Amino acid sequence: MNRRQQLENIIVGTLLESNAERNYFDDCRSTVTSGMFLDETNRRIYVLISEMNNKGMTNTDPCSIFTEYGEAVLDIVSRMCELCTEYSFIHQKFMYNEWQYFKSCITDSYYEPTSVQFEDYVKQFIKSVYEDEAGN
């Protein structure tokens, strides 16, 4: 998996954790389009999340998407769950910080949690898309 594919998964995985308290789609709304996704399933999920947000629905977890679209999304439910649990920015950041903390306990060194934000991944994704297009 190359970096762009990984970023794609992180973007979609994080959007699948959006809710009324923190709607990650707001960070992508003006800058990311469905055409930027190389993976057809990621593109499809992004379109569904975009449609739901355009209707004012901020809960875009796999269950909410299934509730909204029913059998039409049955074939991608397992992929949505995988993206949400394995690639979400929230999960990735937690795992990194936990690893750094454990490492600092073992080595008796200072632990500095990462300050990276979801917006940083969105910027990296956009940069990757434009670099790929410039190279083609």
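Remember, predicted model here, so these are calculated numbers, not experimental data.

Any details on the nonpolar core? Residues and values, ideally.
Among the nonpolar cores identified, the biggest contains 33 residues, and I11, L15, L16, V32 and I65 are the most heavily contacted of them. Taken together, the elements giving at least two residues each to this core come down to helix 1 (3-15), helix 2 (40-54), helix 3 (62-69), helix 4 (77-87) and helix 6 (118-135). Broken down by element, the residue count for this core peaks at 6 residues, all from helix 6. Residues contacting L15, with those up to four places away along its chain left out, are Y24, F25, C28, Y46, I49, T60 and F118.

Describe the packing of aromatic side chains, naming the residues involved and giving the relevant values.
Note on aromatic pairs: each is described by the distance of the centres and the angle between the planes. Scanning all chains against the criterion turns up 8 aromatic pairs. On the numbers, 5.8 Å between centres and 80 degrees between planes, the contact of Y101 with Y111 is edge-to-face. Remark: Y111 occurs in the loop between helix 5 (89-107) and helix 6 and Y101 occurs in helix 5; sequence separation between them is 10 residues. For Y101, a relative accessible area of 43% puts it in the partly exposed group. An aromatic cluster is defined as three or more aromatic residues linked by ring pairs; in this entry it consists of Y24, F89, F118 and Y121.

Mind laying out the pattern of salt bridges, listing which residues take part and the relevant values?
Scanning all chains against the criterion turns up 9 salt bridges. Salt-bridge contacts for R44 lead to D75; the nearest nitrogen and oxygen are separated by 2.8 Å. Here D75 lies in the loop between helix 3 and helix 4 and R44 lies in helix 2, a separation of 31 residues in the sequence. What makes R44 partly exposed here is its relative accessible area of 29%. Under the relative-accessibility criterion, D75 is labelled exposed at 55%.

Here is what the cut-offs are and how they apply
Residues numbered from 1 in each chain as written. Predicted model: local features only at pLDDT ≥ 70, side-chain atom pairs only at ≥ 80, totals over all residues. Heavy atoms only, no water. Core = buried A, V, L, I, M, F, W, Y, C linked by side-chain atoms within 4.5 Å. Buried < 20%, exposed > 50% of the residue type's maximum accessible area, 1.4 Å probe, protein only. Helix = DSSP H or I, 4+ residues; strand = E, 2+ residues; numbered from the N terminus. Contact = heavy atoms within 4.5 Å. Phe/Tyr/Trp six-rings, centres within 6.5 Å; stacked < 30°, edge-to-face > 60°. Salt bridge = Lys/Arg side-chain N within 4 Å of Asp/Glu carboxyl O.

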